[in-house]
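Here's the letter readout for the chains.
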Amino acid sequence: MRKGILSTTAAAAALALGLTACGGESGQTTTTSSASASEPAAATGKIGVILPDSKSSDRWETADRKYLQEAFEAAGVEYDIQNAQNDKTAFQTIADQMITNGATVLMIVNLDSGTGKTVIEKARSQGVATIDYDRLTLGGGAAYYVSFDNTKVGQLQGEGLTKCLTDKKADKPIVAYLNGSPTDNNATLFKNGYDGVLKPKFDAGEYVKGPEQSVPDWDNTQAGTLFEQMLTEEPKIAGVLSANDGLGNAAITVLKKNNLNGKIPVTGQDATVQGLQNILAGDQCMTVYKAIKKEADAAAKLAVALAKGEKPAAGSSVEDPETGQSVPSELMEPQAIYFDNVKDVVADGFVTKEELCTGDFADKCTEAGIQ
């Protein structure tokens, strides 16, 4: 099976389709921009981007959309960014519209590998180059994959929980897992990472494996319900490995109801304002910061090159576990964030002091050295 890298001939043919803006579906968020008038119309193709939702994590709309848009505008290319709002039918409809309206490059964050694969295969059959953004589509055969080292993300979470349990001098703590969506390959990679740290401790009897649940679609409401059931089942939970900040906050909300917040370490990921505030408050142990601007810039650079009919080289590759194929990839490095280095996220411009240090958090920000 070929890797699906767009040939120069296919790019030229795709460009002939024209460059018309796509309209948005009900409930979707759309941003469309045209290249400047000074750019020749046939210089580049049009880039379509499909984001997954705006509910599972704030990042998709507050970070990824913004950074991708900035990168495309700086390159002077025409683009269309839409959000499928966790609707698989809408996801496929948006992809069809983008291809019909002249997209020569399609970048997707899949809702699941099955839907993603269908979209990628159709795009490739029509000469459209494809990029898996943030999540690898298993069996999809995208031309490129741009993400973070997601096993490393999980490793940092496992190490973070271990550090926080050690700081609390926990003795044989019962550790619960709130895993990400079972249809998201990233969730599998995160779990591989934190299992690599925590399983040896379970096996050695240093920690006790507690209840474990995977949260469908990363849904925070379901996460709260599931964690409440877990805490009822095992009231002596002493640590919670939550796969992202949203799931972590769902667990913290339940812990607050039981006056256990701050007593039981909870992990997270994404360095959201909410997650960082939970860390400042002492309710969340740590999060993992992923410099999304770097991820978006890397993906945009590939997309622009493909839209120009080029075949850009990638810095590394990953193996698709379903097909065994090597997928050209760009993988960014994640960073563990604790109370003492929340300031790093602010200094990097990912969140602002104004949005983070509101109300009761102002004093905490000062204590954390946030300028």
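Keep in mind that what you see is a predicted model, and the values were worked out from it rather than measured.

A. Structural detail: the pattern of salt bridges. Using the criterion set out here, one finds 18 salt bridges in the structure. Two residues, E61 and R65, come together in a salt bridge whose shortest N-O distance is 2.5 Å. Placement of the pair is E61 and R65 together in helix α2 (residues 59-75), with a separation of four residues, close to one helical turn. In this structure, D184 and R135 form a salt bridge, with 3.2 Å as the shortest nitrogen-oxygen distance. Of this pair, D184 sits in the loop between β7 (174-179) and α6 (185-203) while R135 sits in the loop between β5 (129-133) and β6 (144-148), and the two are 49 residues apart along the sequence. Of the residues examined, D184 reaches a relative accessible area of 3% and is grouped as buried. Where salt bridges share partners, they join R59, D64, D134 and E295 into one cluster.

B. Spatial organisation of the environment of N249. Within the fold, N249 resides in helix α8 (residues 245-257). Sequence-wise, N249 and N220 are 29 residues apart; in three dimensions their C-alpha atoms are separated by 8.1 Å. N249 has contacts with Q274 and N278, leaving out every residue within four places of it along the chain.

C. Main features of the state of the cysteines. The final tally for this structure, using the stated rule, is two disulfides. Disulfide partner of C164: C285, at an S-S distance of 2.0 Å. Taking the sign of the S-S torsion, 80° for the link of C164 and C285, the bridge is right-handed. Of this pair, C164 sits in helix α5 (residues 150-167) while C285 sits in the loop between α9 (273-281) and β10 (287-289), and the two are 121 residues apart along the sequence. Pair check on accessibility: C164 and C285 agree, each one buried. The disulfide partner of C357 is C365, and the S-S distance across this bridge is 2.0 Å. Residues C357 and C365 share a disulfide whose torsion about the S-S bond is about -95°; that sign makes it left-handed. Judged by relative accessible area, which is 13%, C357 ranks as buried. For C365, a relative accessible area of 1% puts it in the buried group. Counting its disulfide-bonded cysteines in sequence order, the chain shows a connectivity of 1-2, 3-4.

D. How the structure looks around the sheet that holds β7. Read from one edge of the open sheet, three strands run β8-β7-β9, paired in parallel fashion. Whereas interior strands pair on both sides, the edge strands pair on one side only; in this sheet they are β8 (208-214) and β9 (237-242). Strand-to-strand, the axes of this sheet are offset by a mean angle of 20°, without reference to chain direction. Two strands pair when backbone bridges link them, and β7 and β8 are joined in this way by five bridges, in the parallel orientation. By the bridge assignment, Y177 is partnered in β8 with E212. Along the sheet face, α6 touches β7, β8 and β9 and points at about 165° away from the line of β7.

Quick notes on the rules
- Residues numbered from 1 in each chain as written.
- Predicted model: local features only at pLDDT ≥ 70, side-chain atom pairs only at ≥ 80, totals over all residues.
- Heavy atoms only, no water.
- Salt bridge = Lys/Arg side-chain N within 4 Å of Asp/Glu carboxyl O.
- Helix = DSSP H or I, 4+ residues; strand = E, 2+ residues; numbered from the N terminus.
- Buried < 20%, exposed > 50% of the residue type's maximum accessible area, 1.4 Å probe, protein only.
- Contact = heavy atoms within 4.5 Å.
- Disulfide = S-S within 2.5 Å.
- Pairing = 2+ DSSP bridges.
- Axes fitted to C-alpha atoms, helices over the stretch in contact; angles between N-to-C directions.

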